Amino acid sequence: ALLKKKMEEEGTDVSDIDNFDLDKDDKAGDSSGAGPSAAGGSGSLIAECKKDGCGHTMFIAKGREDKFFGDGFTCPSCGCGKDEFETRTS
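Parameters at a glance
- Residues numbered from 1 in each chain as written.
- Predicted model: local features only at pLDDT ≥ 70, side-chain atom pairs only at ≥ 80, totals over all residues.
- Heavy atoms only, no water.
- Helix = DSSP H or I, 4+ residues; strand = E, 2+ residues; numbered from the N terminus.
- Buried < 20%, exposed > 50% of the residue type's maximum accessible area, 1.4 Å probe, protein only.
- Phe/Tyr/Trp six-rings, centres within 6.5 Å; stacked < 30°, edge-to-face > 60°.
- Lys NZ or Arg CZ within 6 Å of the ring centre and 35° of its normal.

*Asks:* For this particular structure, what's the right way to read the environment of Glu-84?
*Replies:* By the secondary structure assignment, Glu-84 is in the loop between α2 (65-68) and β3 (85-89). A relative accessible area of 30% means that Glu-84 is categorised as partly exposed. A C-alpha to C-alpha distance of 9.7 Å links Glu-84 and Asp-52, two positions 32 residues apart in sequence.

Here it is in structure tokens:
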């Protein structure tokens with residue numbers, strides 16, 4: 001999918017991501033239900049960095065927030081702290 005390709009281009013390790021298809025405009029026509037919502041993605045955390053237009057976005061599975069977005073978290077793209085991220089749930 002386009003999002004996975006973009007993440008790879010930005011240097012994000014996507015080797016352990018399966019059925020990763022979050023692109024709204026993807027014309028693949030796969031209606032199998034694969035993707036975050038099919039795997040219990042409801043309630044997942046989406047965190048986007050708002051510092052100086054960084055835009056680094058993370059999709060964190062429900063229950064994994066402390067491991068991947070804990071108090072000592074810093075943005076892998078710009079180095080800012082967790083307080084510079086806008087969060088929402090899916």
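*Asks:* Looking at this structure, I do not really get the packing of aromatic side chains. What am I missing?
*Replies:* Two aromatic rings, taken as a pair, are described by how far apart their centres are and by the angle between their planes. With the rule as written, the count across this model stands at three aromatic pairs. Centroid distance Phe-73 to Phe-85: 5.3 Å. Interplanar angle 80°. Geometry classified as edge-to-face. Of the two residues, Phe-73 is situated in the loop between α2 and β3 and Phe-85 in strand β3; the sequence distance between them amounts to twelve residues. Through successive ring pairs, a cluster of aromatic residues spans Phe-69, Phe-73 and Phe-85. It is Lys-67 that lies over the ring of Phe-68; its NZ or CZ is 5.8 Å from the centre.

Treat this as a map of the structure, not an account of what it does.
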